[in-house]
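One letter stands for each residue in the lines below.
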Amino acid sequence: MSDYPTLRKNPSRQVCETIIKRILMTEVLEKGSNQQFRQASDFMNYFESLYPASESLTKQVQRAVKSMNMPKDARGYFIINKSHEQLEQEEHLRYLLQNSSASLHALEEYETLFLKVSPHLCSYLMDRIQNSITFQNKYITMLESSDGILFYTDNKITLSTLLESLINSY
């Protein structure tokens, strides 16, 4: 018996999976997304450059792809870096965001104003401000903090004047 390990004619399923992951990660890193691999046969050129072409090699690659259970994008290409669950969650989030007229705003564009208030009244006061006709369109958002309310606004002077008038009125 020889001290040398016996060479396999074909890679194991686990080796195929590792190679497939490496191929897909390289594709994503180079092109931003998988634009080439939709099915097991798309990997065969690579495997046949490393191993002798055979029906058993094809079956081993097919088993590896099936075992990996990779999701596919809308065009049918494998997605290596997301699970089926992640894609379902993203699809649900996409639906919610698109149907809620969501838009992204950088807060650097807005000014901040801090209203120091008693912590035990903060939540109630925020609710009253949020439902106030007077405060409509005076702030972008408000956040509760440990000592008060932080406002983001596109018109700090107007919001400040309004709050001051309410604080200092008789």
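Provided above is the structure to which this section pertains.
Residues numbered from 1 in each chain as written. Predicted model: local features only at pLDDT ≥ 70, side-chain atom pairs only at ≥ 80, totals over all residues. Heavy atoms only, no water.

A.B. asks: So what's going on with the pairing of strand β2 (residues 141-145)? Residues and values would help.
C.D. replies: Bridge count for β2 against strand β3 (residues 148-153) is five bridges, and the pairing is antiparallel. Directly across from S145, in β3, lies its bridge partner G148. The turn joining β2 and β3, which pair antiparallel and follow one another in sequence, is formed by two residues. (Pairing = 2+ DSSP bridges. Helix = DSSP H or I, 4+ residues; strand = E, 2+ residues; numbered from the N terminus.)

A.B. asks: Explain the pairing of β3 residue by residue, including any values.
C.D. replies: Across the six residues that make up β3, a large majority, five, are buried. Pairing analysis gives six bridges linking strand β1 (residues 111-116) to β3, with the strands arranged antiparallel. Along β3, the bridge assignment pairs T112 with Y152. (Buried < 20%, exposed > 50% of the residue type's maximum accessible area, 1.4 Å probe, protein only.)

A.B. asks: Describe in detail helix α3 (residues 55-68), supporting the description with residues and values.
C.D. replies: With 14 residues, α3 should cover 20 Å at 1.5 Å per step; its first-to-last C-alpha distance of 20 Å lies within 8% of that length. For α3, the complete set of buried residues consists of L57, Q60, V61, A64, V65 and M68. Projection of α3 onto a plane perpendicular to its axis shows the buried side chains occupying an angular sector of 135°, all on one side. Exposed side chains of α3 directed beyond 90 degrees from the buried face belong to E55 and K66. Here the buried face of α3 lies against α1 (13-31) and α2 (44-50). At the C-terminal side of α3, N69 shows a positive phi close to 50°. (Expected span 1.5 Å × (residues − 1). Arc of directions from axis to C-beta. Contact = heavy atoms within 4.5 Å.)

A.B. asks: An account of α1 is needed here, citing residue identities and associated values.
C.D. replies: With 19 residues, α1 should reach 27 Å at 1.5 Å per residue; the first-to-last C-alpha distance of 27 Å fits that figure. Within the sequence span of α1, burial applies to C16, E17, I19, I20, I23, L24, E27 and V28. Looking at the buried positions of α1, the neighbouring elements they touch are α2 and α3. Looking one or two residues past α1, G32 carries a phi angle of roughly 90°, positive in sign.

A.B. asks: Quick rundown of the packing of α1 against α3? Include the residues and the values.
C.D. replies: Here α1 crosses α3 at 70°, and the two axes come no closer than 8 Å. Overall, the two elements α1 and α3 adopt an arrangement that is roughly perpendicular. Crossing hand, α1 versus α3: right-handed. Residues R13, C16, E17, I20 and K21 of α1 form the contact with α3, whose own contacting residues are Q60, V61, R63, A64, V65, S67 and M68. Per-class residue counts for the contact of α1 with α3 are six nonpolar, two polar and four charged. (Axes fitted to C-alpha atoms, helices over the stretch in contact; angles between N-to-C directions. Parallel < 35°, antiparallel > 145°, perpendicular 65-115°, else oblique. Left-handed = near helix turned anticlockwise from the far one by under 90°. Nonpolar A, V, L, I, M, F, W, Y, C, P; charged D, E, K, R; others polar.)

A.B. asks: Go over the sheet that holds β3, please, and point to the residues and values.
C.D. replies: One open sheet accounts for three strands, arranged β1-β3-β2; its pairing is antiparallel. Only two strands of the sheet have a single neighbouring strand rather than two, namely β1 and β2. Along the sheet, successive strands turn relative to each other by an average axial angle of 20°, direction set aside. Set on the sheet, helix α5 (residues 122-130) makes contact with β1, β2 and β3; between it and β2 the angle comes to about 170°. Where helix α6 (residues 156-168) meets the sheet, its contacts fall on β1 and β3, and the angle it forms with β1 comes to roughly 15°.

A.B. asks: Can you lay out the pattern of salt bridges for me, pointing to particular residues and giving the numbers?
C.D. replies: In this structure the tally under the stated criterion is six salt bridges. Between R75 and D73 there is a salt bridge whose closest N-O contact spans 3.1 Å. Under the relative-accessibility criterion, R75 is labelled partly exposed at 45%. Ionic pairing is found between E90 and K82, a salt bridge with its closest N-O pair at 3.1 Å. (Salt bridge = Lys/Arg side-chain N within 4 Å of Asp/Glu carboxyl O.)

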